[in-house]
Amino acid sequence: MTDGLIAGYFREGAPIQDTKAPSGPIEQRWSTRRFDAHLVNPANRRKLSVIIVGTGLAGASAGATLGEAGYQVKSFCYQDSPRRAHSIAAQGGINAAKNYKEDGDSVFRLFYDTVKGGDYRSRESNVYRLAEVSARIIDQCVAQGVPFAREYGGLLDNRSFGGVQVSRTFYARGQTGQQLLIGAYQALERQIAAGTVEMFTRHEMLELIVVDGRARGIVVRDMVTGEIETHLADAVVLASGGYGNVFYLSTNAMGCNVTATWRAHRKGAYFGNPCYTQIHPTCIPVSGDHQSKLTLMSESLRNDGRIWVPKDSADKDKDPRLIPEEDRDYYLERIYPSFGNLVPRDIASRAAKYQCDAGKGVGPGGLGVYLDFADAIKRMGRAAVEAKYGNLFDMYAQITGEDPYETPMRIYPAVHYVMGGLWVDYDLESNIPGLFVAGEANFSDHGANRLGASALMQGLADGYFVLPNTIREYLSHGPYPQVAADAPAVVEAQTAVKERVRHFLSCNGTRTVDSFHKELGKIMWDYCGMERTEQGLTHAIEQIRALKKEFWSNLKVLGTGDGINQSLEKAGRVADLIELGELMCIDALHRRESCGGHFRAESQTEDGEALRHDDEFAYVAAWEWGGDDAPPILHKEDLVYEFVEMKQRSYK
């Protein structure tokens, strides 16, 4: 396809010039920014209000911290409790550069590993700040009572994760996300009791209110009563998570969606790198068409489990215990001897796909590889393995009916995390003044691939330490003029939400919401999944456009809008996921290189590794909504590397 034809899918806008990151030595930039940011007098904080959408690690920690500081905070989640945020599902751990193992770790090494792991497509200043504050996160969580694993001498224990050669991951067995979220939830509940935070559960954000160019509030639906409500504030924070459910089958909770960020995108917020999605290599394989969700098995299992397939495809249906050692291919250890089973997620996922494509996949449909703990049990003893991974083994046994202590686990890649999200500057502020974005909802720290155990790190870094220091610069210029409940922008947002609800309930077509979602997911997985091609992406775009047209004319939603109606909730989410899917494919089509989780088959080395083109694509793709019937507008933020040398990744 020629450049002109590709460009026909989008327009190009002005480049992004200023990210607010200070200049100078990188180790001084965060302290410089904190010092330069204006302060807010404690007495004035009581006059300032902030809305926070989402109560996962980023949202709960931000709400607790801003409430403790004295601001008036309104916190929203669609679950019945903040404890049900998807952060609770994280298993393996959280990274921090404390060097407890004395194995050569440092802030700079964590910074370097993150930049390299992201295939040199992240912003240096943001990544260094993340590494710098990582150690403070652990101290904060220990003070809250998070029960991290400890060594015999009492120090916190560490283990390794993919893409690194040091042990820097703090963990609480396979329940790290749960324990960290409970810590943040406790802090949030303390502020709710103190009266600084007002909590709205079972409320879903359906529209952003922008007044005079500033984010000033949201429109939500009370999911119990069906009432459409308006809430106004001086600033809005979106911490609503990622959009992996665009693929239908993913490791995300069923309720995870893109609506909060997509509504902001349609109001003018740039969407950064939407095609950067992460496929996790260690998931329980699909068992049939009946499934609507996949289950993650923690990456920590790759510390002691060995991944292999039969050398001879004729052995793929044999009992793996009967396949002798010499007939097994430990392909990650063979191809990547330096990192072995702990290569980054994107590399491990593609390697598994290649083995299955070659006919060596095991299990139903040949879509699986073995994760074997026989050597670890022999070396450490079963009791030691149970102590480290027992709850994960139990979960696997309950889902599959197989005993992983006796028979190797079967795993296969699945959609897990998204590196893309709303574009933000160094202050975590979007291009809409007053709209801040934290955690997985923003694009800022992981580039084209996230290293394992860095999601929890980013969420808590943003909420506890970054956002509270940067949002005060914006709030120091407030309180902003009060917005009337009948202001034109408010009425327009309310009307738009009510009209969408009315349409969904009155369309009276023949297809269910789930049928559209499932069809969208298959398109996305087939053409914008682990491997992408120009032909496949253009085909996907046309299919999604046809699907969108049918969705708006042939949708069937039963019930009313006057109370609980899960089909109505899903309809709004799937409508936004369809539009997002089109943008993801356009982004993947325009980026004619391979980097991290974005693998274009036309751009690879002779041995099948991702091949970047730094002369053409060393930039963040920040997309502006072009309109319902107009192509999106591409704004580029050039990535300049001053402290890390850009080079093709190698984990061999």
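Residues numbered from 1 in each chain as written. Predicted model: local features only at pLDDT ≥ 70, side-chain atom pairs only at ≥ 80, totals over all residues. Heavy atoms only, no water.

A.B. asks: Any chance you could explain the overall build of the chain here in plain terms?
C.D. replies: Within the chain, the secondary structure is distributed over 18 helices and 20 strands. Taking 26 Å as the expected radius of gyration for a compact globule of 652 residues, we find that the chain reaches 24 Å, a close match to that expectation. Along the three orthogonal principal directions, the C-alpha set of the chain runs to about 75 × 60 × 50 Å. Each of the 652 residues in the chain was classed as buried or not, and the buried ones make up 60%. Look at the contacts in the chain between residues 6 or more apart in sequence, and 74% of them connect residues 24 or more apart. Carbon and sulfur atoms make up 49% of the accessible area of the chain, which totals about 24100 Å². Across the chain, 72 positive and 85 negative side-chain charges occur, with their mean positions spaced 3 Å apart. (Helix = DSSP H or I, 4+ residues; strand = E, 2+ residues; numbered from the N terminus. Rg over C-alpha atoms; globule rule 2.2 N^0.38 Å. Buried < 20%, exposed > 50% of the residue type's maximum accessible area, 1.4 Å probe, protein only. Contact = heavy atoms within 4.5 Å. Areas by Shrake-Rupley, 256 points an atom, 1.4 Å probe, with all protein chains shown as cover. Lys, Arg positive; Asp, Glu negative; His and termini not counted. Charge placed at Lys NZ, Arg CZ, Asp CG, Glu CD.)

A.B. asks: What exactly am I supposed to notice about the domain arrangement of the chain here?
C.D. replies: Note on interface size: it is often stated as the accessible area lost on association of the parts. Splitting the chain by domain gives domain 1 (280-416) and domain 2 (488-637). Computed over C-alpha atoms, the centres of domain 1 and domain 2 are 31 Å apart. Each partner contributes to the interface: domain 1 provides 11 residues, whereas domain 2 provides 10 residues. Of the roughly 840 Å² buried between domain 1 and domain 2, counting both surfaces, carbon and sulfur atoms make up 56%. If you look at where domain 1 meets domain 2, you find 0 salt bridges. Put simply, domain 1 and domain 2 have 3 residue pairs in polar contact (both at pLDDT 80 or more) between them. Secondary structure elements with two or more residues in the side of domain 1 that touches domain 2: α10 (345-357) and β16 (409-418). Across the side of domain 1 that touches domain 2, the residue classes break down as 6 nonpolar, 1 polar and 4 charged. (Domains from an automatic or database assignment. Buried area = accessible area lost by both parts, 1.4 Å probe. Salt bridge = Lys/Arg side-chain N within 4 Å of Asp/Glu carboxyl O. Polar contact = N/O pair within 3.5 Å; in protein donor to acceptor, adjacent residues only side chain to side chain. Nonpolar A, V, L, I, M, F, W, Y, C, P; charged D, E, K, R; others polar.)

A.B. asks: Help me out: how do you make sense of the sheet that holds strand β10 (residues 235-238) in this one?
C.D. replies: The pairing of strands in a sheet happens through backbone hydrogen bonds and is either parallel or antiparallel. The 5 strands are arranged β6-β3-β2-β10-β18 in an open sheet whose pairing can be described as parallel. Strand pairing shows two members of the sheet lacking a second neighbour, β6 (197-200) and β18 (435-437), which therefore form its edges. Each strand axis lies, on average, 20 degrees off the axis of its neighbour in the sheet, ignoring direction. Across the sheet, helix α13 (residues 455-475) lies against β2 (49-53), β10 and β18, angled at about 155 degrees from β10, the strand it touches most. (Pairing = 2+ DSSP bridges. Axes fitted to C-alpha atoms, helices over the stretch in contact; angles between N-to-C directions.)

A.B. asks: I would appreciate a short explanation of the pattern of salt bridges in the present structure.
C.D. replies: In total, this model carries 55 salt bridges according to the counting rule given. With a closest N to O distance of 2.9 Å, Arg 266 and Glu 579 form a salt bridge. Within this pair, whereas Arg 266 is found in helix α8 (residues 259-266), its partner Glu 579 is found in helix α17 (residues 566-590), the two being separated by 313 residues in sequence. Overall, the relative accessible area of 24% leaves Arg 266 in the partly exposed class. The network of salt bridges with shared partners includes Asp 119, Arg 121, Asp 346, Arg 350, Arg 591, Glu 593, Arg 612, Asp 614 and Arg 649.

A.B. asks: Help me understand the side chain of Asp 425 in this model?
C.D. replies: Within the element layout of this structure, Asp 425 appears in the loop between β17 (421-422) and β18. Here Asp 425 falls in the buried class, since its relative accessible area comes to 4%. In terms of polar contacts, Asp 425 uses its side chain to reach the backbone amide nitrogen of Asp 427, at 2.8 Å.

A.B. asks: Would you mind going over helix α16 (residues 534-554) with me for this structure?
C.D. replies: Owing to its 3.6 residues per turn, the α-helix brings residues three or four apart onto one side. Relative to the 30 Å expected for 21 residues at 1.5 Å per residue, α16 spans 30 Å between its end C-alpha atoms, a close match to the ideal helical length. Buried residues of α16: Glu 534, Gly 536, Leu 537, Thr 538, Ala 540, Ile 541, Ile 544, Leu 547, Lys 548, Phe 551 and Asn 554, and no others. (Expected span 1.5 Å × (residues − 1).)

A.B. asks: Can you help me understand the sheet that holds strand β15 (residues 369-372) in this one?
C.D. replies: Within the open sheet, the 5 strands sit side by side as β12-β16-β15-β13-β14. Their pairing is antiparallel. Of all the strands in the sheet, just β12 (277-283) and β14 (328-329) have a single pairing partner and so form its edges. Note that strand β13 (residues 306-310) and β15 share 3 bridges and pair antiparallel. Residue pairing for β15: Ile 307 is matched across the bridge by Leu 371.

A.B. asks: For this particular structure, what's the right way to read helix α4 (residues 57-69)?
C.D. replies: Here α4 contains 13 residues, and its C-alpha end-to-end distance of 18 Å stays within 8% of the 18 Å for a straight helix at 1.5 Å per residue. Burial within α4 is extensive, with 10 of its 13 residues counted as buried. Inspection of α4 places Leu 57, Ala 58, Gly 59, Ala 60, Ser 61, Ala 62, Gly 63, Ala 64, Leu 66 and Gly 67 among the buried residues, and these make up the whole buried set. In this structure, the buried residues of α4 make contact with β2, β3 (72-76), α7 (176-194), β6 and α13.

A.B. asks: Explanation requested: the packing of aromatic side chains in the structure shown.
C.D. replies: Two aromatic rings are characterised by how far apart their centres lie and by the angle between their planes. Within this structure, the stated rule accounts for 27 aromatic pairs. Taken together, a centroid distance of 5.2 Å and an interplanar angle of 70 degrees make the contact between Phe 108 and Phe 111 edge-to-face. Placement of both Phe 108 and Phe 111 in helix α5 (residues 107-117) is noted, with a separation of 3 residues, approximately one turn of the helix. The exposure class of Phe 108 is partly exposed, given its relative accessible area of 38%. Site record: aromatic cluster; members linked through ring pairs are Tyr 243, Trp 262, Phe 271 and Trp 625. (Phe/Tyr/Trp six-rings, centres within 6.5 Å; stacked < 30°, edge-to-face > 60°.)

A.B. asks: Honestly, unusual backbone geometry in this entry has me stumped. Any pointers?
C.D. replies: Both trends apply: most residues other than glycine have a negative phi, and most peptide bonds are in trans. Note that the residue after Gly 478, namely Pro 479, is joined by a cis bond; omega there is 0 degrees. In this structure, Pro 479 sits in the loop between α13 and α14 (488-506). If you check the backbone angles, Lys 20 has positive phi at about 70 degrees while not being a glycine. Within the secondary structure, Lys 20 sits in the loop between β1 (11-12) and α2 (29-36). Positive phi is not limited to glycine here, since Glu 102 has a value of about 50 degrees. Along the chain, Glu 102 turns up in the loop between β4 (94-95) and α5.

A.B. asks: Could you clarify how one ought to interpret the environment of Ile 88 in this entry?
C.D. replies: Secondary-structure assignment places Ile 88 in the loop between β3 and β4. Between the C-alpha atoms of Ile 88 and Phe 161, which are 73 residues apart in sequence, the distance is 19 Å. Contacts of Ile 88, omitting those with residues within four sequence positions, involve Arg 83, Gly 177, Gln 178 and Leu 181.

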